[in-house]
Amino acid sequence: MIKLPKDYEEEMRGLLGQEFEAYLKTYEQPLRQGMRVNTYKLTKEKWESMTPFGKEQVPWIENGYYIDRESSQPPSRHPYYFAGLYYLQEPSAMTPASRLPVEAGDYVLDLCAAPGGKATELGAKLKGTGFLLANDISNSRAKALLKNLELAGIPNIYVTSEDPEKLTRQFPEFFHKILIDAPCSGEGMFHKEPKMAEYWEEKPPAYYAEIQKKLLEQGAQMLRPGGMLLYSTCTFSKKENEEVIAHLLSRREDMEVVTPVWYEGFVHGFPLEEVSEEVNRQLASCIRIFPHRMPGEGHFAALLRKKGLKEEDRNGAKAAGEKKKTDLPACVEEFLKLVSLDFNKGRFQIEKDRLYFLPEEVQMPRLRYLRTGLYLGDIKKNRFEPSQALAMALSPETFASCIWLSGDDVRTVKYLKGETIEVSEQEPAQAKGWQLVCVDGFPLGFGKLDRGILKNKYYAGWRLQ
Ligand SMILES: C[S@@+](CC[C@H](N)C(=O)[O-])C[C@H]1O[C@@H](n2cnc3c(N)ncnc32)[C@H](O)[C@@H]1O
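The shown structure was predicted, so the numbers you read here are calculated from the model rather than taken from an experiment. (Residues numbered from 1 in each chain as written. Predicted model: local features only at pLDDT ≥ 70, side-chain atom pairs only at ≥ 80, totals over all residues.)

On a plain count of helices and strands, the protein comes out with 16 helices and 22 strands. Here the protein has a C-alpha radius of gyration of 23 Å; the compact-globule value for 465 residues is 23 Å, and the two agree. With respect to the principal axes defined by its C-alpha atoms, the protein has extents near 75 × 55 × 35 Å. Here the protein, with 465 residues, has 45% of them falling under the buried criterion. (Helix = DSSP H or I, 4+ residues; strand = E, 2+ residues; numbered from the N terminus. Rg over C-alpha atoms; globule rule 2.2 N^0.38 Å. Buried ≥ 20, exposed ≤ 12 C-beta atoms within 10 Å, placed from the backbone.)

Laid out in structure tokens, this is it:
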């Protein structure tokens with residue numbers, strides 16, 4: 001049994017009253033693991049027709065499932081994981097991205113995005129339109145974020161590692177949707193990660209509340225009028241939740257809390273003592289998730305709207321930069337004949353022999369980027385080597401020649417381990433050259449075929465160990 005900090009127990013007793021004992025009892029129950037299906041790659045119906053992990057749905061999440069405890073293979077080692085078909089996620093953590101209403105063409109910011117649990121869903125919701133700027137102040141964590149976004153095949157991304165202060169200066173009233181999944185004391189994660197309970201005494205809610213207030217104000221500055229911002233934490237303390245929201249409302253008359261799509265298991269945000277009735281009315285629209293009330297570990301989410309509408313949005317036009325034309329080397333032109341992605345909306349960019357496709361005609365400022373757009377591959381003298389990110393962004397319909405492996409074909413695991421595999425000449429559409437290797441119809445990576453032997457081009461850093 002986990003040892004909870006004394007002060008934390010006191011705080012929770014005050015917050016939950018008679019429900020406190022029921023909350024404590026949840027620590028005796030086994031954790032429920034979840035997975036969220038990547039709807040950028042497949043529909044939930046398709047997933048349900050192929051899942052080896054059970055079909056029990058997370059009731060408040062369209063594309064969320066509980067992982068069947070009897071599953072024979074760990075989901076983090078299954079070939080479908082390597083195909084980016086799902087993200088492993090604690091069910092309550094699926095809530096924030098599900099309640100931010102992202103629409104086609106939106107410019108979306110995920111300010112504290114690593115390792116990408118929410119960013120991958122926001123990217124999927126964009127369906128290749130608009131773009132997602134996924135940021136994390138920690139460079140090492142931003143690398144994991146980039147991997148997860150590329151594994152999910154999301155093409156229209158910018159990944160940065162910046163202090164939010166700098167982003168705020170660069171992007172005043174710029175984004176249509178913003179997610180701030182703030183660093184927090186992690187009280188809702190004590191069951192899953194008992195170490196968080198030890199850190200709590202070192203850095204209690206008051207420590208995080210100051211950071212959170214600043215982040216939320218920065219987010220409000222970057223939000224365009226008419227835009228929506230979702231603030232979330234995985235903690236229970238009012239200091240890090242309702243008080244942070246009330247602080248923003250006291251500083252900005254143009255921000256208001258709105259009610260997100262509700263689920264019967266959600267608890268309403270708690271009232272505060274020193275605020276007006278109107279503020280408490282708005283706080284009631286915040287989502288609270290408690291593990292004794294519904295099958296999820298614990299989260300807070302507040303959906304906010306900035307009043308008004310930006311002038312250019314009134315006319316229905318999105319800010320568009322100048323279209324720059326990049327001349328592509330012949331080897332790239334030749335390779336791109338194999339690819340049938342739509343390269344009209346956006347532009348190519350070559351940087352140090354690396355080729356990128358940038359999502360929209362928006363001029364982005366100088367920032368510490370880990371990725372700008374879809375990394376297509378490397379130009380090496382007279383040849384082009386496509387990237388792993390490109391393979392993940394494709395489908396069998398958008399590449400000229402595919403190798404169709406199934407989940408239980410021994411070659412699938414061999415391929416993921418970086419080994420050479422044998423392929424009969426009848427298997428792919430073209431008997432020689434670049435192939436998109438797929439598992440049950442979903443890309444895993446590239447290979448190059450010559451006389452029945454497929455040279456493995458799977459990215460070494462992602463191999464199955
Ligand atoms: C709760 S985690 C984000 C989890 C992520 N949204 C997900 O779903 O995978 C909070 C993140 O905030 C970042 N962070 C910490 N302090 C920050 C600050 N002052 N400004 C911006 N981000 C910060 C941390 O590096 C951490 O990755």
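Strand order in the open sheet formed by 3 strands is E2-E1-E3, and the pairing between neighbours is antiparallel. Each edge of the open sheet carries a strand with a single partner, namely strand E2 (64-66) and strand E3 (86-88). Put simply, the sheet's adjacent strands are angled 25 degrees from each other on average, direction ignored. Taken together, the 3 bridges between strand E1 (residues 34-37) and E2 define a ladder with antiparallel strand orientation. The residue of E2 that forms the bridge with Gly 34 is Tyr 66. (Pairing = 2+ DSSP bridges. Axes fitted to C-alpha atoms, helices over the stretch in contact; angles between N-to-C directions.)

Once that is clear, we can look at the UniProt feature "domain: SAM-dependent MTase RsmB/NOP-type" (unreviewed entry) in the protein. Mapped onto this structure's residue numbering, the UniProt feature "domain: SAM-dependent MTase RsmB/NOP-type" (unreviewed entry) falls at residues 23-307. Strand forms 20% of residues 23-307 and helix 32%; the C-alpha atoms that close the span are 38 Å apart. (UniProt positions renumbered as here; feature names shortened; annotations may be inferred.)

Attention now goes to the pairing of strand E22 (residues 453-456). Covered by surrounding structure in E22 are Leu 454 and Asn 456 only, the residues Ile 453 and Lys 455 on the alternate face being uncovered. One ladder, built from 2 bridges, connects strand E19 (residues 421-422) with E22; its direction is antiparallel. Bridge pairing in E22 places Ile 421 opposite Leu 454. In this structure, strand E21 (residues 442-450) lies alongside E22, joined through 4 bridges in antiparallel fashion. The residue bridging Gly 447 from the neighbouring strand is Asn 456, located in E22. Taking the residues between adjacent antiparallel strands as the criterion, E21 and E22 are bridged by 2 residues, where Arg 451 takes a positive phi near 45 degrees.

This next bit is on the site of the ligand. Near the ligand there are 16 residues, and of these Cys 112, Gly 117, Ser 138, Asp 181 and Pro 183 occur at the shortest range. Its residues assigned to classes, the shell around the ligand comprises 9 nonpolar, 3 polar and 4 charged. (Near = placed C-beta within 6 Å. Nonpolar A, V, L, I, M, F, W, Y, C, P; charged D, E, K, R; others polar.)

This paragraph deals with the environment of Lys 380. Structurally, the position occupied by Lys 380 is in strand E16 (residues 374-380). C-alpha of Lys 380 to C-alpha of Arg 354: the two residues are 26 residues apart in sequence and 9.0 Å apart in space.

Bringing the UniProt feature "active site" (unreviewed entry) in the protein into the picture now. The positions that UniProt labels "active site" (unreviewed entry) are, in the present scheme, Cys 234. By the secondary structure assignment, Cys 234 is in the loop between strand E8 (223-233) and helix H11 (242-251). In this structure Cys 234 comes out as buried when scored by C-beta crowding, with 27 C-beta atoms within 10 Å. Those residues in contact with Cys 234, other than ones at most four positions away along the chain, are Ala 93, Cys 184, Gly 186, Gly 188, Met 189, Gly 298 and His 299. (Contact = placed C-beta atoms within 7 Å.)

As a further point, take the packing of helix H10 (residues 205-222) against H11. One can describe the packing of H10 onto H11 by two numbers: an axis separation of 9 Å at closest approach and a directional angle of 45 degrees. For the element pair H10 / H11, the angle class is oblique. Here the hand of the crossing between H10 and H11 comes out right-handed. Note on element contacts: H11 touches H10 through Glu 243, Val 244, His 247, Leu 248 and Arg 251, opposite Ala 209, Gln 212, Lys 213, Leu 216, Glu 217 and Ala 220. (Parallel < 35°, antiparallel > 145°, perpendicular 65-115°, else oblique. Left-handed = near helix turned anticlockwise from the far one by under 90°.)

A sheet is described by the order of its strands in space; here 5 strands give the open sequence E18-E20-E21-E22-E19, paired in mixed fashion. Edge positions in the open sheet fall to strand E18 (402-405) and E19, since each of these has one partner strand only. In this sheet, strand E20 (residues 433-439) lies alongside E18 in parallel orientation, the contact comprising 4 bridges. If you follow Trp 404 over to E20, its bridge partner there is Cys 438.

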